[in-house]
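Fold and contact review
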Amino acid sequence: MDAYLTTERLVLRRFTADDVALLVELDSDPEVMRYLTGQPTPRSEIEDVALPAILKVYDEHPGLGTFKAETRDGFVGWFGLQPTADPGTVDVGYRLLRTAWGKGYATEGTRALIAHAFKGLRVQRVVADTMAVNHRSRDVMRRSGLRFEKVYHEHFDDPLPGTEFGEVLYATDRATWEAVRHG
């Protein structure tokens, strides 16, 4: 399948119905899921809910979605540009295997998606969010050119440790991104 996007070390491609095992492997690590659900995602949920939702976005929102990330050595996780309620805004995110942590892939892939969002998809704004206590992801957001906007609080029936500190929103708009790019 053709690449959606390539960087120096990553190739991003659409997921297919045959990629269940990759998503199960990724979501089975409690550390990977620590700031998301706090627990592994059951295979049945990936097969019946998560993967069908990923595939549906490709059809309903051309150019957007969740993309399988591969290096020369194989699958390392995913990166995504998701639609939001505002058609001029997309949400950028990623999830990587623990073996891929600390190698700069998160920043490399996120920067590439932000550039693609502004240059290729012509969106006006890119946002990202995470738990306030997820400092590694916050660092990736900053290194990728996103800027802190706010802390906000959501209600969760079964909150994860750290939820009491809230969620954080990072963002950039096209004009700011272009100004930083062109110095």
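Residues numbered from 1 in each chain as written. Predicted model: local features only at pLDDT ≥ 70, side-chain atom pairs only at ≥ 80, totals over all residues. Heavy atoms only, no water.

Turning next to helix α4 (residues 135-143). Two residues of an α-helix separated by three or four positions point the same way, owing to the 3.6 residues in each turn. Here α4 has its buried residues at Ser137, Arg138, Val140 and Met141. Seen end-on, α4 carries its buried residues on one side only, within an arc spanning 155°. Opposite the packed face of α4, turned more than 90 degrees from it, sit the exposed residues His135 and Arg136. Where α4 is buried, its residues contact β5 (89-96), α3 (105-119), β6 (125-131), β7 (147-152) and β8 (167-173). One or two positions beyond α4, positive phi appears at Gly145, with a value near 100°. (Buried < 20%, exposed > 50% of the residue type's maximum accessible area, 1.4 Å probe, protein only. Helix = DSSP H or I, 4+ residues; strand = E, 2+ residues; numbered from the N terminus. Arc of directions from axis to C-beta. Contact = heavy atoms within 4.5 Å.)

Let's shift gears to the pattern of salt bridges. Evaluation of the coordinates by the stated rule reveals 11 salt bridges. The salt bridge partner of Lys68 is Asp19, with a shortest N-O separation of 3.2 Å. Here the residue Lys68 occupies a position in strand β3 (residues 65-71), and Asp19 occupies one in the loop between β2 (11-14) and α1 (20-27), the gap between them amounting to 49 residues. This pair shows no difference in class: Lys68 is buried, exactly as Asp19 is. Among the ionic pairs, Lys56 bridges to Glu60, the shortest N-O distance being 3.8 Å. Of this pair, Lys56 and Glu60 are both found in helix α2 (residues 43-60), 4 residues apart, which corresponds to roughly one turn of the helix. Given a relative accessible area of 46%, Lys56 falls into the partly exposed group. Classification of Glu60 as partly exposed rests on a relative accessible area of 48%. (Salt bridge = Lys/Arg side-chain N within 4 Å of Asp/Glu carboxyl O.)

Turning to its location among the elements, Arg98 is positioned in the loop between β5 and α3. Of the residues examined, Arg98 reaches a relative accessible area of 43% and is grouped as partly exposed. Ignoring sequence-local partners within four residues, the contact set of Arg98 consists of Asp29, Glu31 and Val32. One polar contact links Arg98 to Asp29, side chain to side chain, over a distance of 2.8 Å. (Polar contact = N/O pair within 3.5 Å; in protein donor to acceptor, adjacent residues only side chain to side chain.)

By the definition in use, this model includes 5 aromatic pairs. On the basis of an interplanar angle of 5° and a centroid distance of 3.7 Å, the ring pair of Tyr4 and Phe67 is categorised as stacked. Taken together, the residues Tyr4 in the segment before β1 (5-6) and Phe67 in strand β3 connect sequence positions 63 residues apart. Measuring from ring centre to ring centre gives 6.0 Å for Phe79 and Tyr94, while their planes differ by 35°; the resulting arrangement is tilted. A residue pair is termed long-range when its members are at least 10 positions apart, and Phe79 in strand β4 (residues 74-83) and Tyr94 in strand β5 qualify at 15 residues. Look at Tyr94 and you get partly exposed, because its relative accessible area is 23%. These aromatic residues form a ring-pair network of at least three members: Tyr4, Tyr58 and Phe67. (Phe/Tyr/Trp six-rings, centres within 6.5 Å; stacked < 30°, edge-to-face > 60°.)

Below, the discussion takes up the environment of Gly65. Along the polypeptide, Gly65 turns up in strand β3. Between the C-alpha atom of Gly65 and that of Asp91, which follows or precedes it by 26 residues, the distance is 9.9 Å. In this structure, Gly65 is in contact with Val57, Tyr58, Phe79, Gly80, Leu81 and Gln82, ignoring residues within four places of it in sequence.

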